[in-house]
Amino acid sequence: MAGESRKWMILVATIWIQAFTGTNFDFSAYSSELKTVLGLSQVQLNYLATASDLGKLFGWSSGLALMYMPLSVVMFVSAFVGFFAYGLQWLLIRSIITLPYFLVFLLCLLAGCSICWFNTVCFVLCTQNFPAIRPLAISLTVSFNGVSAALYALAADAINPSSNALYLLLNALIPLLTSIVALPPILCQPSLEPLPLDAVRHDSLIFLILNILAVLTGVYLLISSIASTFTTARLLFAGAIFLLVLPLCIPGVVYAKKWFCQTVNTSFCLDGSGFILVDADDLELHKELITRTGSNNGSGVSNVLKSDGSNHELVGQQESCCEKLIRKDQLVMLGEEHRARMLVRRLDFWLYYITYLCGGTIGLVYSNNLGQIAQSLGHSSNTSALITLYSAFSYFGRLLSAAPDYIRAKFYFARTGWLTIALLPTPVAFFLLAESGSSSSILHVSTALVGLSSGFIFAAAVSITSELFGPNSVGVNHNILITNIPIGSLVYGMFAAIIYDANASFSISMVTDMVVCMGTRCYFSTFILWGSLSVVGLVCSVLLFLRTRHAYDHFELNRQIS
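About the cut-offs
Residues numbered from 1 in each chain as written. Predicted model: local features only at pLDDT ≥ 70, side-chain atom pairs only at ≥ 80, totals over all residues. Heavy atoms only, no water. Helix = DSSP H or I, 4+ residues; strand = E, 2+ residues; numbered from the N terminus. Buried < 20%, exposed > 50% of the residue type's maximum accessible area, 1.4 Å probe, protein only. Areas by Shrake-Rupley, 256 points an atom, 1.4 Å probe, with all protein chains shown as cover. Patch = residues over 30% accessible without salt bridge, like charges linked within 9 Å, V, L, I, M, F, W, Y side chains within 5 Å. Salt bridge = Lys/Arg side-chain N within 4 Å of Asp/Glu carboxyl O. Expected span 1.5 Å × (residues − 1). Contact = heavy atoms within 4.5 Å. Phe/Tyr/Trp six-rings, centres within 6.5 Å; stacked < 30°, edge-to-face > 60°. pLDDT = per-residue confidence, 0-100. 1 Å grid on protein atoms, 1.4 Å probe; cavity = no way out; pocket = protein on both sides within 12 Å on 5 of 7 lines; lining within 4 Å. Points joined across faces, edges and corners; volume = space filled by probe spheres on them. Nonpolar A, V, L, I, M, F, W, Y, C, P; charged D, E, K, R; others polar. Disulfide = S-S within 2.5 Å. Axes fitted to C-alpha atoms, helices over the stretch in contact; angles between N-to-C directions. Parallel < 35°, antiparallel > 145°, perpendicular 65-115°, else oblique. Left-handed = near helix turned anticlockwise from the far one by under 90°.

Student: So what exactly am I meant to see when it comes to the overall build of the chain here?
Tutor: The number of helices and strands found in the chain is 27 helices and four strands. Residues classed as buried in the chain amount to 55% of the 562 residues present. Here the chain has roughly 23100 Å² of accessible surface; of this, 67% comes from carbon and sulfur atoms.

So this is what it looks like as structure tokens:
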């Protein structure tokens, strides 16, 4: 019983770590001031934003560190690296020290790397303590990473709303303090034994309650950003902290479980409640079943099982070009392990890669440029509110990524199909921004749509990678996938920066010694390009769905049979 209680305390500690270490999402809050202090062009500022994303390329180093160091040590290394990187940037903005541009670039790179190390720590904690319902644990905790910017904006408003440099100081201190608070439960990890089915269902119910609480937290932060003033910000921030501490009551619920079951008669039954997950054991069973069914036809590829169980013969049929594209090297089953060399030779991986590159990554680049976008459209006073809005809806998108696991018993749909649906708001948002001019309401609506879409993609990507290319190889394969983030950050951000600087000569506004582009033309072409690229991502996601839906349907059919 004590072991069960401690695992829930570890989950809460993981939520805190994720909630306060998404420090890359508030870059746009202080980017204008950083640009002024260093006297940068928009292109040079884009390099700094890219450097933070470039840190993800070194995410593999955290896995290497875990081979030689305890989990708690890896957590504190990442905390001190972030403290060093953000702390020096704060001293720079406060004009206490001076640093060359190259060193600032390296500091941004270190900050991005520290975030990846924190994410690895959280992933390992969820995997070790919730092996049977790992997708729910990872989805819930990763969701809180999206709310970091809203929490930091509320904290900054509570301390000094006129200081943008304060964000850097908070970025340096809060993750370190959070690591100290999270240390006791991490050091006291229980040795967990495999849980019976009833216990897994009970844990799933608790996760449902936690997700409802998470939604309430997001709504609270969203309302707080609208109602926040200097006099109320401290009270609102205290309320946000209370909501983050509230899940600590879960250990008490676990302790009271036996008493409750013995003294209270309840008609509520978890059987058939829909908590059905694609875990590693299911994938292994699926692979065994499909190997048997495929043993009669040599390769197992020529026959694809329809959702109704009938064989669809493809050999010798006349096919259109589109059908050939869909059928070529098509996945037959979920969970087949793909080594890196095999992975990069699959068409499905590259469709997935482009989908992510032209979907979630564009949303991240948009958030990095949000400060300059708001400033150019004459809404610089709303920058903090826009950051909170993006953060809150990114958070909601991440929470929604778990919805397919909850409703699967009643409504089954391939996860790649959900990915396609999640991509739909992105092109709509960018074309609205290009069409609307400087409308404040459209800017807010579009920011919410982009945040919702990118948040879903970020959270769902780990599960999709595991299902399509194997659960045992997910660490390496997912790191290969997210190499698109620094590439997209550099290319998309560079294009936006070049257009911004080119149009600055048509609308010159002197802010201190910095030339600022003002007007709709600063980002009009950028919005058109980003919208067009997101359509490309949408098309690739549709093709990925069409190519993988038979594998998902086959898996679901085998699961029901077994």
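Student: I keep staring at a nonpolar patch on the surface and nothing clicks. Help me out?
Tutor: A contiguous nonpolar surface patch, about 690 Å² in accessible area, is contributed by Leu 57, Phe 58, Trp 60, Leu 64, Met 67 and Tyr 68. Structurally, Trp 60 can be placed in helix α4 (residues 60-66).

Student: How should helix α20 (residues 383-400) be read in this particular structure?
Tutor: Because each turn of an α-helix spans 3.6 residues, side chains separated by three or four positions in sequence point in the same direction. Helix length check: α20, at 18 residues, gives a terminal C-alpha distance of 26 Å against a target of 26 Å (1.5 Å per residue), a fit within 8%. Burial within α20 is extensive, with 14 of its 18 residues counted as buried.

Student: Quick question: what am I supposed to make of the environment of Ala 182 here?
Tutor: Considering the arrangement of structural elements, one finds Ala 182 in helix α9 (residues 166-187). Taking relative accessible area as the criterion, Ala 182 reaches 0% and is therefore assigned buried. Between the alpha carbons of Ala 182 and Ser 72 there is a distance of 9.3 Å; along the sequence they are 110 residues apart. Discounting residues that sit within four places of it in the chain, Ala 182 has contacts with Ala 13 and Ile 17.

Student: It is not clear to me how the packing of aromatic side chains should be interpreted in this structure. Could you clarify?
Tutor: The tally for this structure, following the rule as stated, stands at 22 aromatic pairs. Look at Tyr 366 and Phe 430: their rings are 5.8 Å apart centre to centre, the planes differ by 75°, and that puts the pair in the edge-to-face class. Separated by 64 residues along the polypeptide, Tyr 366 in helix α18 (residues 360-368) and Phe 430 in helix α23 (residues 425-436) bring together distant segments of the chain. With a relative accessible area of 0%, Tyr 366 lands in the buried category. When the ring of Tyr 395 is compared with that of Phe 396, the centres are 6.1 Å apart and the planes differ by 40°; the resulting orientation is tilted. Each member of the pair, Tyr 395 together with Phe 396, is buried. In this structure an aromatic cluster arises from ring pairing among Tyr 366, Phe 430, Tyr 500, Tyr 523, Phe 527 and Trp 530.

Student: Whenever I open this one, the confidence of the model for the chain confuses me. Can you help?
Tutor: Atomic detail in the predicted coordinates should be set aside for any region of low pLDDT. On average, residues of the chain carry a pLDDT of 79, and 79% of them reach 70 or more. Confidence drops under pLDDT 50 across residues 284-318; counting only partners more than four residues distant or on other chains, this segment forms 49 contacts. Under a pLDDT of 50 for its full length, residues 507-512 has, in the predicted model, 13 contacts with residues more than four places off or in other chains.

Student: Explain empty space enclosed by the protein to me, please; I cannot follow it from the model alone.
Tutor: Over the atoms rolls a probe the size of a water molecule, and in doing so it shows where empty space is left. Evaluated as defined, the whole model comprises ten cavities of 30 Å³ or more. Size it by volume and the largest cavity reaches roughly 160 Å³. Along the walls of the largest cavity sit 13 residues, with Arg 134, Pro 135, Val 462, Ser 463 and Ser 466 positioned nearest its centre. Secondary-structure elements contributing two or more residues to the lining of the largest cavity are α7 (134-145) and α24 (440-469). Top contributing element to the lining of the largest cavity by residue count: α24, with five residues. Considering only residue class, the lining of the largest cavity consists of seven nonpolar, three polar and three charged. When its volume is computed, the second largest cavity comes out at roughly 100 Å³. Secondary structure elements with two or more residues in the lining of the second largest cavity: α2 (27-38), α3 (42-54), α5 (71-93), α6 (101-129) and α18. Of the residues belonging to the lining of the second largest cavity, the class tally is seven nonpolar, five polar and one charged.

Student: Sorry if this is basic, but what is going on with the side chain of Ser 31 here?
Tutor: Structurally, Ser 31 is set in helix α2. Note on Ser 31: relative accessible area 0%, which makes it buried.

Student: Explanation requested: helix α8 (residues 148-159) in the structure shown.
Tutor: Taking 1.5 Å per residue, twelve residues should reach 16 Å; α8 reaches 17 Å between its end C-alpha atoms and fits that length. With eleven of twelve residues buried, α8 lies mostly within the body of the structure. Listing the buried residues of α8 in full gives Ser 148, Ala 149, Ala 150, Leu 151, Tyr 152, Ala 153, Leu 154, Ala 155, Ala 156, Asp 157 and Ala 158.

Student: Just to check I follow, could you spell out the state of the cysteines for this structure?
Tutor: Disulfides are covalent bonds that link the sulfur atoms of two cysteine residues. Counting across every chain of the model gives zero disulfides. Cys 122 provides the cysteine sulfur closest to Cys 126, a residue in no disulfide bond, and the two sulfurs are 6.7 Å apart. We classify Cys 126 as buried; its relative accessible area is 1%.

Student: Even after reading the chapter, I still don't get the packing of α5 against α9, so can you show me in this structure?
Tutor: It is the contact of α5 with α9, at a shortest axis distance of 7 Å, that shows an interaxial angle of 165°. It follows from the interaxial angle that α5 and α9 lie roughly antiparallel. In this structure, α5 crosses over α9, and the sense of that crossing is left-handed. Grouping the constituent residues of the contact of α5 with α9 by class yields 19 nonpolar, six polar and no charged.

Student: Sorry if this is basic, but what is going on with the packing of α20 against α24 here?
Tutor: Any two packed helices are characterised by how steeply their axes cross, that is the angle between the axes, and by the distance between the axes. With their axes 6 Å apart at the nearest point, α20 and α24 run at an angle of 35° to one another. The two elements α20 and α24 meet at a crossing, and its hand is right-handed. On the side of α20, the interface is formed by Leu 386, Leu 389, Tyr 390, Phe 393, Ser 394, Phe 396, Gly 397, Arg 398 and Leu 400, while α24 contributes Leu 443, His 444, Thr 447, Ala 448, Val 450, Gly 451, Leu 452, Ser 454, Gly 455, Phe 456, Phe 458 and Ala 459. Across the contact of α20 with α24, the residue classes tally to 13 nonpolar, seven polar and one charged.

Student: Help me understand the pattern of salt bridges in this model?
Tutor: Two side chains that carry opposite charge are able to pair once their charged atoms sit near each other. On inspection of all chains with the given rule, the structure shows three salt bridges. Here Arg 346 and Asp 348 are joined by a salt bridge, their closest N and O atoms 3.7 Å apart. Summarising the burial analysis for this pair, Arg 346 and Asp 348 share the class buried. As a salt-bridge pair, Arg 415 and Glu 467 come within 2.9 Å of each other at their nearest N and O atoms. Linking Arg 415 in helix α22 (residues 415-423) with Glu 467 in helix α24, this pair joins segments that are 52 residues apart in sequence. Across the pair, Glu 467 and Arg 415 agree in class, each one buried.

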